[in-house]
Amino acid sequence: MSTTHPMSPVDTAWYHMDGPANPAIVTGVAITAQPLDFGRVRREFQRRLLRFDRFRQRVVVQGTALATPVWQDVPDLDLDAHLRHIALPAPGDEATLRTVVEGLASLPLDHRLPLWQAYVVDNVGSGSALVLRYHHCIGDGTAMMAVAARLFDMPHRALRPPARASVPSAPTVVDAALRLAGEAGAVLSDLVKWPDPASPIKGEFGIRKSVAWSAPVPIDTVKAIGAPTGAKVNDVLVAAVSGALRSYLRHRGVDPTDTTLRAMVPMDLRPLDRLGELGNEFGLVILDLPVSAATPGERLARTKAGMDALKVSAEAPAMQLLLDLFGRGPKALEDIACSIFGSKASLVLTNVIGPREGIRLAGVPVERLMFCVPHPGQQIGMGASIMSYQGMATLTVIADARLVPDPQAITQAFNREVAAMAHPAQPRGDAAR
């Protein structure tokens, strides 16, 4: 009988978070300007990726009174059951690749196997693409970068750990009590929020996904936009997404001044000594996106204020604690809690810092990196993810295809919004219209 290993409570919570038509699967895409050699890619997966235990383990559920998922070793893993070789049909352009990614993102993973799948895609322009899908219980965005650091060839310090505040000393009893009170207050604050109303990105959805990504945005431009007001890169990018969503709501006939649009935003809580490990080490916060603000400047100011407040609040650790608790109980209880909290937001919005320098896959330079963040459960209809690579940031949108049949309208509006924010002297109201 194969050896089993316990799954952490937070990873268990993410394993349980699959909706009936909406699994918690992360989809990463790497595009190369030159063709990939499938045989060499296969050897790199065998040699590098399979060194991670989680990519050689499947999830099995044990127990009856309290069904508990555990990791089970797969000693004779068949790599060919996970790594596939396909080709784009003509014309092999970006739109064709998006269609293929949409199809792959709509497929469930086989739970009889380790929960990941990869595709080497030929005929992507003059090059290839790698599409890697894995269940969120394997790891979060920071964990994904640990996988990338192992799978790809990277220059020294291409991946630098994000800046962190110094670790505080052990809390006193009074400090611990204050922290618990703050966390309880943060959870209560989320619970009393009115649910986000039905909208073009929140409603009943099915299995099929829609996917789009933006043109790359220079990080230097983003920094220049934020410099006059002290806004961080993330503030500017979130404000640009807010402007794009305001434009999309108007495009779909919704008055953005008469609605709310909130995002579930992951905040990394991983200790520095666990940066290279898999698993999930983050909390979730609920951010009101300033879609009612008429100008990019006002949207940036409100985004910065909201993000600054969340950074010092107890909301992220409180939500991480809740996920830990939910992972220790029955799935039915977690489903109820996810429904309650999921009703408060319309999308998941995340930003991951990727390699700062160019990387290679099987000897071939990678031109672009992006990923689709899942929007699991039955309440949230869209995931918006921003990833930086080689000094450029890309927004990727994945959504329910019935709710958002035209996600490219959002990614194109994002590029227009950034351009307008970079040229404030130009007269504009809704720059992303």
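For the structure itself, consult the block above.
Residues numbered from 1 in each chain as written. Predicted model: local features only at pLDDT ≥ 70, side-chain atom pairs only at ≥ 80, totals over all residues. Heavy atoms only, no water.

Chemist: Can you help me understand the overall build of the protein chain in this one?
Modeler: Helix and strand content of the protein chain: 11 helices and 16 strands. Looking at the protein chain residue by residue over its 433 residues, the buried ones come to 53%. Taking the contacts inside the protein chain whose residues are at least 6 apart along the sequence as the reference set, 78% of them involve residues at least 24 apart. Split by element, the accessible area of the protein chain, about 18700 Å² in all, is 57% carbon and sulfur. (Helix = DSSP H or I, 4+ residues; strand = E, 2+ residues; numbered from the N terminus. Buried < 20%, exposed > 50% of the residue type's maximum accessible area, 1.4 Å probe, protein only. Contact = heavy atoms within 4.5 Å. Areas by Shrake-Rupley, 256 points an atom, 1.4 Å probe, with all protein chains shown as cover.)

Chemist: Looking at this structure, how should I read the environment of Ser313?
Modeler: Within the secondary structure layout, Ser313 lies in the loop between α8 (296-311) and α9 (315-326). Residues Ser313 and Val285, 28 residues apart in the sequence, show an inter-C-alpha distance of 9.4 Å. Looking at Ser313, its side chain comes within polar contact range of the main-chain oxygen of Leu310, at 3.1 Å. Polar side-chain contacts of Ser313 include one of 3.3 Å to the backbone nitrogen of Glu315. (Polar contact = N/O pair within 3.5 Å; in protein donor to acceptor, adjacent residues only side chain to side chain.)

Chemist: What's the story with the pairing of strand β7 (residues 127-135) in this structure? I'm lost.
Modeler: The element β7 is extensively covered by neighbouring structure, given that nine of its nine residues are classed as buried. With eight bridges joining them, strand β2 (residues 25-32) and β7 adopt antiparallel strand pairing. Paired with Ala30 across the strands is Leu130, a residue of β7. In this sheet, β7 lies alongside strand β6 (residues 116-124) in antiparallel orientation, the contact comprising seven bridges. (Pairing = 2+ DSSP bridges.)

Chemist: Sorry, what's going on with the sheet that holds strand β13 (residues 360-361) here?
Modeler: Picture the strands of a sheet paired through backbone hydrogen bonds; they go either parallel or antiparallel. Spatial ordering of the open sheet is given by β5-β6-β7-β2-β14-β13, a layout of six strands whose pairing is mixed. Here the strands that pair on one side only, and so sit at the sheet edges, are β5 (83-87) and β13.

Chemist: I would appreciate a short explanation of the packing of helix α1 (residues 9-16) against helix α10 (residues 331-342) in the present structure.
Modeler: Helix packing for two helices is described by the angle between their axes and how far apart those axes are. The contact between α1 and α10 brings their axes to 10 Å, and the two run at 75 degrees. With respect to each other, α1 and α10 are oriented roughly perpendicular. On the side of α1, the interface is formed by Thr12, Ala13 and His16, while α10 contributes Lys331, Glu334 and Asp335. Here the contact of α1 with α10 is composed, by residue class, of one nonpolar, two polar and three charged. (Axes fitted to C-alpha atoms, helices over the stretch in contact; angles between N-to-C directions. Parallel < 35°, antiparallel > 145°, perpendicular 65-115°, else oblique. Nonpolar A, V, L, I, M, F, W, Y, C, P; charged D, E, K, R; others polar.)

Chemist: Could you clarify how one ought to interpret the packing of aromatic side chains in this entry?
Modeler: A ring pair, where both rings are aromatic, is described by two values, the distance of the centres and the angle of the planes. Summed over all chains, the structure comprises five aromatic pairs. Taking 6.1 Å as the distance between ring centres and 20 degrees as the angle between the ring planes, the aromatic pair formed by Phe45 and Trp116 counts as stacked. With Phe45 in helix α2 (residues 38-47) and Trp116 in strand β6, the pair connects residues that are 71 residues apart, well separated along the chain. Note on Phe52 and Phe55: the rings are 6.1 Å apart at their centroids and 55 degrees apart in plane angle, and the pair reads as tilted. Taken individually, Phe52 and Phe55 each receive the classification buried, so the pair is uniform in this respect. Following the ring pairs from residue to residue traces out a cluster consisting of Phe45, Phe52, Phe55, Trp116 and Tyr134. Note that Arg150 overlies the ring of Phe52, its terminal NZ or CZ placed 4.3 Å from the centroid. (Phe/Tyr/Trp six-rings, centres within 6.5 Å; stacked < 30°, edge-to-face > 60°. Lys NZ or Arg CZ within 6 Å of the ring centre and 35° of its normal.)

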